[in-house]
Amino acid sequence: MVRIYVINISDERWGRYKTDERFNRWIGCDGQELDAKFVEENYVCMWNAREKHKRCVAGCSESHLSLLKHIYENEIDDVIILEDDVDIDFDRLDILKDINEFCYLGGHFQGRTLKQKAHTGLLFEGVNTINPFTHTIAGAYGYYIPHHQIACDIYHNIMFRDKRRGFDCELRRLQKGNKIKKFVYPAIVELYLPVAQKGFSCQSSNFKLTDSKKFY
């Protein structure tokens with residue numbers, strides 16, 4: 001049976017999940033508590049990013065990385081990882097039985113570079129393949145890891161870099177290297193806008209959310 005982790009540092013946000021025993025809380029890293037030197041030495045951010053944003057990026061990334069480490073060290077298979085501003089469609093989880101690699105369950109499309117428009121081609125209901133020459137998937141709202149070795153490979157690929165970017169940027173790098181290839185369409189994991197619009201990506205950058213990203 002699939003195990004679902006929700007990365008969370010806020011008791012208020014956790015309130016949406018805590019009464020459902022299908023969700024397991026993973027206490028994440030509060031970026032505002034990270035040492036500024038640690039962030040500077042380990043993370044690459046936009047040159048004009050504010051200090052608070054840098055800390056939030058690092059905290060979010062450290063949260064995902066610590067959970068990946070927990071998964072592979074404890075040999076946990078069949079895992080869904082969620083951020084705490086999403087809803088998940090439990091009725092469609094049966095699609096996971098045919099997936100044997102890392103797979104996005106939600107996110108949003110981007111072109112290969114920030115200036116390029118994403119061109120996905122024809123999409124169909126079910127598991128689709130990322131074409132990194134025409135589009136990538138940003139955001140780490142929800143993803144599926146069928147085997148703990150996959151978590152191990154991703155963790156070490158990111159941690160072996162001298163400096164790392166935000167977690168979703170690192171996943172985009174792996175997409176461009178053809179190491180992450182799959183996503184479910186339409187999204188199984190959608191943003192819950194009343195919470196997502198208050199997140200640090202919206203509050204401290206130019207990224208705007210106007211829909212749940214069911215269609216990425």
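Above this text sits the structure in question.
Residues numbered from 1 in each chain as written. Predicted model: local features only at pLDDT ≥ 70, side-chain atom pairs only at ≥ 80, totals over all residues. Heavy atoms only, no water.

## Regarding the overall build of the protein
Going by this rule: The secondary structure listing takes helices from DSSP runs of H or I that are at least 4 residues long and strands from runs of E that are at least 2 residues long, numbered from the N terminus. Between the two quantities, the radius of gyration covers C-alpha atoms and the globule rule is 2.2 Å times the number of residues to the power 0.38. The classification of residues rests on relative accessible area computed with a 1.4 Å probe and restricted to protein chains. Under 20% of the type maximum is buried, over 50% is exposed, and intermediate values are partly exposed. Residue contacts follow a heavy-atom distance rule, with two residues in contact if any of their heavy atoms lie within 4.5 Å. Each accessible area is a Shrake-Rupley estimate made with a 1.4 Å probe; only the visible protein chains count as cover when residues are assessed.
Regarding its fold elements, the protein presents 7 helices and 11 strands. Here the C-alpha atoms of the protein give a radius of gyration of 16 Å, agreeing with the 17 Å that 2.2 N^0.38 yields for 216 residues. Structurally, the protein occupies a C-alpha span of about 45 × 40 × 35 Å along its principal axes. For the protein, the proportion of its 216 residues judged to be buried stands at 49%. When contacts within the protein are restricted to residue pairs at least 6 apart in sequence, long-range pairs at least 24 apart make up 74% of them. When the accessible surface of the protein is split by element, carbon and sulfur atoms take 48% of a total near 11500 Å².

## A short note on the pairing of strand 9 (residues 142-145)
Inclusion rule: Here the rule is simple: two strands pair whenever DSSP picks up at least two bridges between them.
Residues Gly142 and Tyr144 point to one face of strand 9 and Tyr143 and Ile145 to the other, with burial holding for every one of them. Relative to strand 9, strand 3 (residues 79-83) is paired through 4 bridges, and the arrangement is antiparallel. Note that in strand 9 the partner of isoleucine 81 across the bridge is tyrosine 143.

## Here's the deal with the packing of helix 3 (residues 51-73) against helix 4 (residues 148-159)
Describing two packed helices takes the angle between their axes plus the distance from one axis to the other. Using the following cut-off: Throughout, an axis means a line fitted to C-alpha atoms (over the contacting stretch in the case of helices), and angles, computed between N-to-C directions, take values from 0 to 180 degrees. An angle below 35 degrees is read as roughly parallel, one above 145 as roughly antiparallel, one from 65 to 115 as roughly perpendicular, and any other as oblique. Rotating anticlockwise by less than a right angle from the far helix to the near helix defines a left-handed crossing, while the corresponding clockwise rotation defines a right-handed one.
Here helix 3 crosses helix 4 at 140 degrees, and the two axes come no closer than 8 Å. Considered as vectors, helix 3 and helix 4 are oriented oblique to each other. Considering how the two elements wind past one another, helix 3 and helix 4 form a crossing that is left-handed. Along the contact surface, helix 3 presents Leu65, Leu68, Lys69, Ile71 and Tyr72, while helix 4 presents His148, Ala151, Cys152, Ile154, Tyr155, His156, Ile158 and Met159.

## Some remarks on unusual backbone geometry
Between tyrosine 185 and the following residue, proline 186, the backbone shows a cis peptide bond with an omega angle of -10 degrees. Along the chain, proline 186 falls in the loop between strand 10 (182-185) and strand 11 (189-191). Unusually for a residue other than glycine, glutamate 75 sits at a positive phi of about 50 degrees. Mapping glutamate 75 onto the fold places it in the loop between helix 3 and strand 3.

## Examining the side chain of glutamine 175
Inspection of the secondary structure assignment puts glutamine 175 in helix 5 (residues 167-176). Residue classification places glutamine 175 among the buried residues on the basis of a relative accessible area of 1%.

## Here's the deal with the sheet that holds strand 9
Read from one edge of the open sheet, 7 strands run 2-1-3-9-5-10-7, paired in mixed fashion. Looking at which strands have only one partner, the edges of the open sheet turn out to be strand 2 (23-27) and strand 7 (126-129). As paired strands, strand 1 (residues 3-8) and strand 2 are joined by 5 bridges and run parallel to one another. The residue of strand 2 that forms the bridge with isoleucine 4 is phenylalanine 23.

## Considering the nonpolar core
Short version of the rule: Among buried residues, those of type Ala, Val, Leu, Ile, Met, Phe, Trp, Tyr and Cys that are joined through side-chain atoms within 4.5 Å constitute a nonpolar core.
Counting residues in hydrophobic clusters, the biggest one holds 37 residues, and the most contacted among them are Leu68, Ile81, Phe102, Ile154 and Leu171. Elements represented by at least two residues in this core include exactly strand 1, helix 3, strand 3, strand 9, helix 4, helix 5 and strand 10. Ignoring sequence-local partners within four residues, the contact set of isoleucine 154 consists of Leu68, Phe102, Leu171, Leu174 and Ile180. Leu96, Cys103, Ile188 and Val189 belong to the second-largest nonpolar core, a separate cluster that totals 23 residues.

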